[in-house]
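One-letter residues, chain by chain:
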Amino acid sequence: MLEREKGTDIVIEIGGITIYAAAMQLLENKLDKENFSRIQKITSPEVILKIANAIAMCQPDTVFINTGSEADKQYIRDLALKNREEEKLPMQGHTIHYDLKDEQGRIIDRTFYIANEGETVSSLANKMLRADALADIRGKMTGIMRGKTMVVGCYMRGPVGAPVSNPALEITSSAYVSHSAEILYRNAYSNFDAEVKRLGHFFTNIHSEGLNRPEDLPNARVFMDRSFRTTYSMYCTYAGNTLLLKKGNHRFAVDKAVYEGKANELAEHMFITGIEGPGGRITWVTGAAPSGCGKTTTAMAGDHFVGDDLAQLWIDEQGIIRSVNPECGIFGIVQDVNWEGDPHLMTLLRKPGTEVIWSNVLIDENGIPHWTGNGEEPPLKGKNFQGKWEKGMTDKNGKPVPISHPNARCTLASKALANYSDRAEDPKGVETRIITYSGRDSDTMPPVWVGKTSDHGVVIGACIVSAATATEVGAKGVKRAPWANAPFIPGALGDYMDVQFKFFASKKIAQAYQPILCGLNYFLTDEARGGTSKKLLGEKRDVKVWLAWLERRANKEVDAIETPIGYIPKYEDLKNLFKIIISKEYPKGLYEKQFSLYTDNIIARIDLQKAAYGKEPNLPARLFEILDEQRAGLTALKEKYGPIVKPGEMGK
Ligand code: OXD
Ligand code: MN
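Thresholds applied
- Residues numbered from 1 in each chain as written.
- Chains lettered and ligands numbered in written order.
- Predicted model: local features only at pLDDT ≥ 70, side-chain atom pairs only at ≥ 80, totals over all residues.
- Heavy atoms only, no water.
- Donors = N, O, S within 2.8 Å, 3.2 Å for Na, K, Ca; no water.
- Helix = DSSP H or I, 4+ residues; strand = E, 2+ residues; numbered from the N terminus.
- Buried < 20%, exposed > 50% of the residue type's maximum accessible area, 1.4 Å probe, protein only.
- 1 Å grid on protein atoms, 1.4 Å probe; cavity = no way out; pocket = protein on both sides within 12 Å on 5 of 7 lines; lining within 4 Å.
- Points joined across faces, edges and corners; volume = space filled by probe spheres on them.
- Nonpolar A, V, L, I, M, F, W, Y, C, P; charged D, E, K, R; others polar.
- Domains from an automatic or database assignment.
- Near = heavy atom within 4 Å.
- Polar contact = N/O pair within 3.5 Å; in protein donor to acceptor, adjacent residues only side chain to side chain.
- Areas by Shrake-Rupley, 256 points an atom, 1.4 Å probe, with all protein chains shown as cover.
- Sits in = over half its atoms within 2 Å of the grid points.
- Salt bridge = Lys/Arg side-chain N within 4 Å of Asp/Glu carboxyl O.
- Contact = heavy atoms within 4.5 Å.
- Buried area = accessible area lost by both parts, 1.4 Å probe.
- Axes fitted to C-alpha atoms, helices over the stretch in contact; angles between N-to-C directions.
- Left-handed = near helix turned anticlockwise from the far one by under 90°.
- Core = buried A, V, L, I, M, F, W, Y, C linked by side-chain atoms within 4.5 Å.
- Pairing = 2+ DSSP bridges.

Moving on to the coordination of the manganese ion (ligand 2). Taken together, the protein ligands of the manganese ion (ligand 2) are Lys 247 (NZ), His 269 (NE2) and Asp 309 (OD), with distances of 2.2 Å. In primary-sequence terms, the residues that donate to the manganese ion (ligand 2) follow K-x21-H-x39-D. Of this pair, His 269 sits in the loop between β12 (265-268) and β13 (270-276) while Asp 309 sits in the loop between β15 (304-307) and β16 (311-315), and the two are 40 residues apart along the sequence. Judged by relative accessible area, Asp 309 falls into the buried class, the value being 7%.

Written out as structure tokens, the structure reads:
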């Protein structure tokens, strides 16, 4: 259940303005003539009330209404430099931003859903009761923008006109956050009113970095008020904590899909890309992976890039699953981005012509950014996420300090990419036929497999397991990562799962557009397949082949081997695709290592999922039926062939 409009709307309670006329009066008093005339173009009383109350609560010195014009974008860029939130780099349009040393990822310990009494919130997240959150926000955000300029931006999460797009306000005193929003989202100042009217809702985000001192970080908070679709973020700057247009609003989009989408909508942590198949046809793929597990690289491996992080899906009148990207830019991890695996991205990062905000990388004496795994000669010294850096430097535990933080990022507009699709702005979205799920799995699942039915596919999503990454402060070990979306599912997991089963089994999906749901894993190591090194069994560019095989499979052009976990590719098909797609030999021995089923590992994985999901209330029974069916199939195979079952032994 989602309790909309229940309890007090915190910003309105703290700001104290409940009447439209009073809101307009405050705006007239507070804004200069130009900005007041800008705000008058927005006529929705609810939007005006949110903005006026945000001003009353935060008490900025000045307010800037950002229309998204080139002059306004420039004002924001200049303000980011003036505030010293960014510094110019020698390459035209490039700047560097640093977050505090201890705020290099999402602060999940200080991130809360605001809950009403008795309301169910995801068992995987923190919650704070509304009254406590009100007191906390009142204490921390009242007057937080004194001495600062508040920038108000009106954005669309998704193309204007798309049925699943969401209008959203970003209200912040950080010009860096505003600058990032301008690059990553569609400024919709001129359409905002009409879009709010068309869709009947909007999201609100209010952020201030305060004084941005290390000593304030324990007081940093990220709050999501699901009832009033408003986020509050304070005393932090890392975009994952502050630019809540991204993951804060993704959570509201998940709520909206689950509780209001009638099993006809999904909001996922997925890339969107198009793969060219024979005859130039394009098959569209969306794929989930936990933060920091190569979504950007996989998306870039496609021929027609739409997005690398978020996807909103729906079933249209003709029975086609369509997807749009709520974003129009990339806030991408740069670690391991290099010419070999990511030529399109490298071109934008290393050649002039693209606006880029770098964060938390090393800047050398010549103002050039460097990062771990870029395949280039590292400099001997420079400045990075923790201050001055030089080769051989160790931290207080004696561990080497890397040149860049593993969660260091680049922010840039997707339209700069050579493979950016001309369909990315289409409000009708792209016809989606392949859905992939993946994680950092070093020892269990094969590189690619396809669920036998949509229900089996949903279970692939439910069972993602992944090594922790640097995107969350303090995260360690190997974790379950349901749909790679778990950190962003606000309600009960059972409700979300139920919608997944219903969506993909929907009778509305036309036969000709049935999608395939698949697993992808390119983190298998040599060691886990009988070798001695920790090296990956394949190479980054092999992903093009896995995607090409899925493209052929979705179009019913390749046969496959049936196994208890789903369909896996035949050797001859892969060998052929390796040759035509990346001109590479694909030895049979490697195929056998990659696609033999290590039944003990998979059974242990199933048992882990059964035990964990067994504790979760109200889950669809179908999940357990499928896990049991797969387990029985694997056990039977193991009895017949031993614990390692070769592809040739299956599907006979
Ligand atoms: C991201 C994340 O920034 O998921 O995309 O952390
Ligand atoms: Mn993400």
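Our focus in this paragraph is the layout of surface pockets. Within this model, the largest pocket holds a volume of roughly 930 Å³. In this structure, the largest pocket is lined by 47 residues; those nearest its centre are Gly 292, Cys 293, Gly 294, Arg 440 and Phe 523. Of all the secondary structure elements, the ones that give two or more residues to the lining of the largest pocket are α11 (295-301), β18 (329-333) and α15 (543-554). Split by residue class, the lining of the largest pocket holds 17 nonpolar, 17 polar and 13 charged. Mapped onto the domain boundaries, the lining of the largest pocket takes at least three residues apiece from domain 1 (10-65 + 106-174 + 191-260) and domain 2 (265-325 + 421-649). Estimates place the volume of the second largest pocket at around 760 Å³. Residue lining of the second largest pocket: 21 residues in total, with Lys 101, Phe 385, Asp 395, Pro 402 and His 405 positioned closest to the centre. Partitioning the lining of the second largest pocket into residue classes produces eight nonpolar, seven polar and six charged.

Our next topic: the site of ligand 1. Lining the immediate environment of ligand 1, one finds Arg 106, Lys 246, Lys 247, His 269, Ser 291, Asp 309, Phe 331, Arg 409 and Thr 471. Here His 269 contributes a side-chain N or O atom positioned 3.3 Å from an oxygen atom of ligand 1. Side-chain polar atom of Arg 409 to an oxygen atom of ligand 1: 3.0 Å apart, as the coordinates give it. When the free accessible area of ligand 1 is taken as 210 Å², the share hidden by the protein chains comes to 96%. Judged by the proximity of its atoms to the pocket grid, ligand 1 belongs to the largest pocket. Here the residues of the shell around ligand 1 sort into one nonpolar, three polar and five charged.

Under the defined criterion, the tally for this structure stands at 50 salt bridges. For Arg 4, the salt bridge is made with Glu 5, and the minimal N-O distance between the two is 3.5 Å. Under the relative-accessibility criterion, Arg 4 is labelled partly exposed at 27%. According to the relative accessible area criterion, Glu 5 is exposed, its value standing at 55%. Asp 136 is the partner of Arg 221 in a salt bridge, and the nearest nitrogen-oxygen pair spans 3.1 Å. A residue pair is termed long-range when its members are at least 10 positions apart, and Arg 221 in strand β10 (residues 221-225) and Asp 136 in helix α6 (residues 130-141) qualify at 85 residues. When sorted by exposure, Arg 221 lands in the same class as Asp 136, which is buried. A single salt-bridge network, built from bridges that share partners, covers Lys 246, Lys 247, Lys 295, Asp 309 and Glu 327.

In this section: the domain arrangement of the protein chain. Accessible area lost on assembly of the parts is the figure often given for the size of an interface. Assigned domains of the protein chain: these are domain 1 (10-65 + 106-174 + 191-260) and domain 2 (265-325 + 421-649). Taking only C-alpha atoms into account, the centre of domain 1 sits 35 Å from that of domain 2. The interface of domain 1 with domain 2 comprises 30 residues on the first partner and 32 residues on the second. Contact between domain 1 and domain 2 buries roughly 2700 Å² in total, counting both sides, with carbon and sulfur atoms accounting for 59%. Viewed at the interface, domain 2 and domain 1 are joined by two salt bridges. A salt bridge links Asp 309 to Lys 246; the nearest nitrogen and oxygen atoms lie 2.9 Å apart. Counting every contact that joins domain 1 to domain 2 gives 12 residue pairs in polar contact (both at pLDDT 80 or more). For the side of domain 1 that touches domain 2, the leading source of residues is helix α10 (residues 247-260), giving 10 residues. Across the side of domain 1 that touches domain 2, the residue classes tally to 15 nonpolar, seven polar and eight charged.

Summed over all chains, the structure comprises three cavities of 30 Å³ or more. Each pocket or cavity is described by its volume, and for the largest cavity that value is around 260 Å³. Around the largest cavity sit 21 residues that line it, and Met 445, Trp 449, Ile 460, Cys 463 and Arg 605 are the ones nearest its centre. For the lining of the largest cavity, the secondary-structure elements that each account for two or more residues are β25 (430-438), α13 (454-462), α18 (599-614) and α19 (621-641). In terms of residue count, the dominant contributor to the lining of the largest cavity is α18 (four residues).

Position of Arg 226 relative to the elements: it lies in the loop between β10 and β11 (230-234). For Arg 226, a relative accessible area of 1% translates into the label buried. Each residue touching Arg 226, except ones within four places of it in the same chain, is listed here: Met 1, Leu 2, Arg 4, Tyr 113, Glu 119, Thr 120, Val 121, Phe 252, Asp 255, Tyr 259, Pro 490 and Gly 491.

Right, let's get into the packing of α13 against helix α14 (residues 493-504). Orientation of α13 relative to α14, taken along the N-to-C sense of each, is 145°, at an axis distance of 9 Å. Both α13 and α14 take part in a crossing whose hand is right-handed. Residues Ser 454, Asp 455, Val 458, Val 459 and Ala 462 of α13 form the contact with α14, whose own contacting residues are Met 497, Gln 500, Phe 501 and Phe 504. The class makeup of the residues in the contact of α13 with α14 is six nonpolar, two polar and one charged.

Attention now moves to the nonpolar core. Core analysis: the biggest nonpolar cluster contains 114 residues, and Leu 349 and Tyr 437 have the highest contact counts within it. In terms of residues, this core owes the most to one element, α15, which gives eight residues. Here this core spans two domains, since at least three of its residues come from each of domain 1 (10-65 + 106-174 + 191-260) and domain 2 (265-325 + 421-649). Once residues lying within four places of it in the same chain are set aside, the contact partners of Leu 349 are His 94, Val 334, Val 337, Val 356, Trp 358, Trp 371, Cys 410 and Leu 412.

Taken in spatial order, the five strands of this open sheet run β2-β3-β19-β24-β18, and their pairing is mixed. This sheet does not close on itself; its edge strands, each paired only once, are β2 (87-88) and β18. Note that β18 and strand β24 (residues 409-413) share five bridges and pair antiparallel. For Ile 330, the partnering residue across the bridge sits in β24 and is Leu 412.

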